[in-house]
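Summary of structural features
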Amino acid sequence: MARVAVIGAGAIGGTLAAWLAQDHQVTVCARSPLADLEIETPGGTIRAAPAILTDPATATPVDWVLATTKAYDCAAAAAWLPGLMDAGTRLAVIQNGVEQRERFPMVPQPRTLPVIIDLPAERTAPGRIVQRRDGTIHVPEGAIGDAFVALFADTVIAAQTTPDFITAAWRKLAINCAGIVSAITRRPAEVANDEGVAEVMRGLVRECIAVGRAEGATLADKLADQVVEWTRKAHPQSVNSLHADFVAGRPMELDARNGVIVRLGAKHGIATPLNQACAALLAASAV
């Protein structure tokens, strides 16, 4: 049984904490107190009552820290690390984008594990989450990756290592970058059935493919069509986190999902007008 601290009690953090609490000693680090966790999954409801901390000063060292906050909340997440980490603690950064390691420079890289997760889930109330399907996790090959995968051995979340993590990360970014159309239109996944919107999605992904290749990822041209098809096959009322944050008036991960494509594209001399325009329009709409 491992000691696991999950920083963040949102849809991803809460779902992972509930599943891991079935077999491990789990602590949730949250802004506000929670009574417990209840997750509606495709296979039924699971419940967990992990320890809940709201003050970083009360944290004690664990074996694993899972940072599941939004990318723009890394400073708040980092405030928990001095209490949670000792010489043997490992940090798993479970966030959108392709810059997970860079967001926590205070932790030695050999003890930091970037994590790509595909787990459609929506928080309906504090501690109450709907998990749309079982989900997957990919981490880099190596001892730390193997140890992280082992945490999920008895859950429905398929965790595995990959020899080409950079490609896995950019494939996930291709999906995420296209999701901005849902936020702009305020429509869930069914918006991809509109062929005009679908073509915008393909254009966003094509820009991501070009930049990802320049960064070393192996991405096929057909990925643009695949992202549209995957979105069309998703639950029609599924809402991605960018859309949910925009509608709720919360800060958004625009930089991690679209801005990074623009930034790295500029570094390589690759034009990314669709990602730049969509990000600008959504940012302006949120003012």
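This one's a predicted model, so the numbers in the text were calculated from it and none came from an experiment.

This next bit is on the pairing of strand β10 (residues 128–131). Note: strand β3 (residues 37–41) against β10, 3 bridges, orientation parallel. Across the sheet, Glu40 pairs through a bridge with Val130, a residue of β10. Strand direction decides the pairing type here: strand β9 (residues 121–125) and β10, joined by 4 bridges, are antiparallel. Within β10, the residue paired with Ala125 across the bridge is Arg128. As consecutive antiparallel partners, β9 and β10 are separated by 2 residues, and within that stretch Gly127 has a phi angle of approximately 80°, a positive value.

Bringing the packing of helix α5 (residues 165–178) against helix α8 (residues 223–233) into the picture now. Contact geometry for α5 and α8: axes closest at 10 Å, N-to-C directions at 60°. Accordingly, the angle class assigned to the pair α5 and α8 is oblique. The hand of the α5/α8 crossing is right-handed. Contacts from Arg171, Ala174, Ile175 and Ala178 of α5 reach α8 at Leu223, Gln226, Val227 and Trp230.

This part covers the pairing of strand β7 (residues 90–94). Within β7, 4 of the 5 residues are buried, leaving the element largely enclosed by the surrounding structure. Sheet analysis places strand β6 (residues 64–67) next to β7, joined by 4 bridges and oriented parallel. Opposite Leu66, over in β7, you have Ala92 as the bridge partner. Relative to strand β8 (residues 112–118), β7 is paired through 4 bridges, and the arrangement is parallel. Within β8, the residue paired with Ala92 across the bridge is Leu113.

Partitioning the protein chain into structural domains gives domain 1 (3–162) and domain 2 (165–285). In this structure, domain 1 and domain 2 have C-alpha centres spaced 24 Å apart. Residue-level contacts link 19 residues of domain 1 with 21 residues of domain 2. Overall, the association of domain 1 and domain 2 removes approximately 1600 Å² of surface from exposure, summing both partners, and the carbon and sulfur fraction of that is 58%. Broken down residue by residue, the surface that domain 1 buries against domain 2 is led by Tyr72, Asn96 and Val98, which jointly contribute 35%. Across the domain 1-domain 2 interface, the total number found is 2 salt bridges.

Volume-wise, the second largest pocket comes out at about 250 Å³. As for the second largest pocket, its lining consists of Val98, Glu99, Gln100, Arg101, Glu102, Pro114, Phe165, Ile166, Ala169, Trp170, Glu215 and Leu264. The element contributing the most residues to the lining of the second largest pocket is α5, with 4 residues. Its residues assigned to classes, the lining of the second largest pocket comprises 7 nonpolar, 1 polar and 4 charged. Residue assignment places the lining of the second largest pocket across two domains, with domain 1 (3–162) and domain 2 (165–285) each supplying three or more.

What counts and what doesn't
- Residues numbered from 1 in each chain as written.
- Predicted model: local features only at pLDDT ≥ 70, side-chain atom pairs only at ≥ 80, totals over all residues.
- Heavy atoms only, no water.
- Pairing = 2+ DSSP bridges.
- Helix = DSSP H or I, 4+ residues; strand = E, 2+ residues; numbered from the N terminus.
- Axes fitted to C-alpha atoms, helices over the stretch in contact; angles between N-to-C directions.
- Parallel < 35°, antiparallel > 145°, perpendicular 65-115°, else oblique.
- Left-handed = near helix turned anticlockwise from the far one by under 90°.
- Contact = heavy atoms within 4.5 Å.
- Buried < 20%, exposed > 50% of the residue type's maximum accessible area, 1.4 Å probe, protein only.
- Domains from an automatic or database assignment.
- Buried area = accessible area lost by both parts, 1.4 Å probe.
- Salt bridge = Lys/Arg side-chain N within 4 Å of Asp/Glu carboxyl O.
- 1 Å grid on protein atoms, 1.4 Å probe; cavity = no way out; pocket = protein on both sides within 12 Å on 5 of 7 lines; lining within 4 Å.
- Points joined across faces, edges and corners; volume = space filled by probe spheres on them.
- Nonpolar A, V, L, I, M, F, W, Y, C, P; charged D, E, K, R; others polar.

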